[in-house]
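# Topology and contacts: notes
Okay, here's what each chain looks like letter by letter:
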Amino acid sequence: MIFGRSERGKPPVEPVTFKILVAGGFGVGKTTLVGAVSEIRPLRTEEYLTEAGRPIDDLSGVESKHTTTVAMDFGRITLREDLVLYLFGTPGQERFWFMWDELSEGALGAVVLADTRRLEDCFAAVDYFERRSIPFVVGVNCFEGSVRYPQDDVRQALDLDDDVPVLLCDARDRGSVKEVLIGVVRHAMAYTAQHRQTVTT
């Protein structure tokens, strides 16, 4: 497309835009994931961790972490000429959970990022999306040095429904993250179609 006009006289395509949330526990890689795929400079609202927060923030397993998201991360990726995703990374710490309701407004679906070393940290996100009937996938962030468990083991540990996809990924790798985002779009579209059919029958 050149200067707003497509080749061979075809009219420019108006893309469909979807809002996708990226949630999970503290230090699981949400900011990294958004930054890995965003085609724009990601908006980040990070602050340095302080001594005052040490009694509140559990740094077990993420001792090298020095910053935390206090509002949200924001990025954008074009999956196809006619499909654009806006990514909203949620804050992971409990004291910022009040923002989740506003961030989830109008979302097509969500990625719950999980770390098998601290799997319990994503329970709150799973519960949040289940209770609000927001379709989600679980992306298991494969950190270096962590044990890689079969997807069915992760599903059982999180007590997930059979239709919730569990995907292995590397939050630092654009291609890997892109596959997760394609997965959540497909799952959300199927979920919405099934729910619509249930309502009409």
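Since this is a predicted model, take the numbers as computed values, not measurements.

### A word on the overall build of the protein
- Counting its secondary structure elements, the protein contains five helices and seven strands.
- Helices (α) and strands (β) of the protein occur, in sequence order from the N terminus, as β-α-β-β-β-α-β-α-β-α-β-α.
- When the 201 residues of the protein are sorted by exposure, 46% land in the buried category.
- Taking as baseline every contact in the protein between residues at least 6 positions apart, the subset at least 24 positions apart corresponds to 72%.
- For the protein, the accessible surface area stands at approximately 11600 Å², while carbon and sulfur atoms represent 51% of it.

### A short note on the state of the cysteines
- Tallied over the full model, the rule gives zero disulfides.
- Not engaged in a disulfide, the cysteine Cys169 finds its nearest cysteine sulfur in Cys142; these two sulfurs lie 6.4 Å apart.

### Observations concerning the packing of aromatic side chains
- Inspection of the entire model under this criterion finds six aromatic pairs.
- When the centroid spacing of 6.2 Å and the interplanar angle of 35° are considered together, the rings of Phe129 and Phe136 count as tilted.
- Look at Phe136 and you get buried, because its relative accessible area is 4%.
- Lying over the aromatic face of Phe143, Arg117 brings its terminal NZ or CZ to 4.6 Å of the ring centre.

### Considerations on the pairing of strand β5 (residues 109–114)
- By the criterion of burial, β5 is predominantly enclosed, with six of the six residues buried.
- With burial as the criterion, each face of β5 is covered, one bearing Gly109, Val111 and Leu113 and the other bearing Ala110, Val112 and Ala114.
- Here strand β1 (residues 16–24) runs beside β5; their pairing, made up of five bridges, is parallel. When the bridges of β5 are listed, Val22 appears paired with Val111.

### Some details on helix α1 (residues 30–37)
- Burial analysis of α1 places six of its eight residues in the buried class, the great majority of the element.
- By the burial criterion, the buried members of α1 are Lys30, Thr31, Leu33, Val34, Ala36 and Val37.

The rules behind each value
Residues numbered from 1 in each chain as written. Predicted model: local features only at pLDDT ≥ 70, side-chain atom pairs only at ≥ 80, totals over all residues. Heavy atoms only, no water. Helix = DSSP H or I, 4+ residues; strand = E, 2+ residues; numbered from the N terminus. Buried < 20%, exposed > 50% of the residue type's maximum accessible area, 1.4 Å probe, protein only. Contact = heavy atoms within 4.5 Å. Areas by Shrake-Rupley, 256 points an atom, 1.4 Å probe, with all protein chains shown as cover. Disulfide = S-S within 2.5 Å. Phe/Tyr/Trp six-rings, centres within 6.5 Å; stacked < 30°, edge-to-face > 60°. Lys NZ or Arg CZ within 6 Å of the ring centre and 35° of its normal. Pairing = 2+ DSSP bridges.

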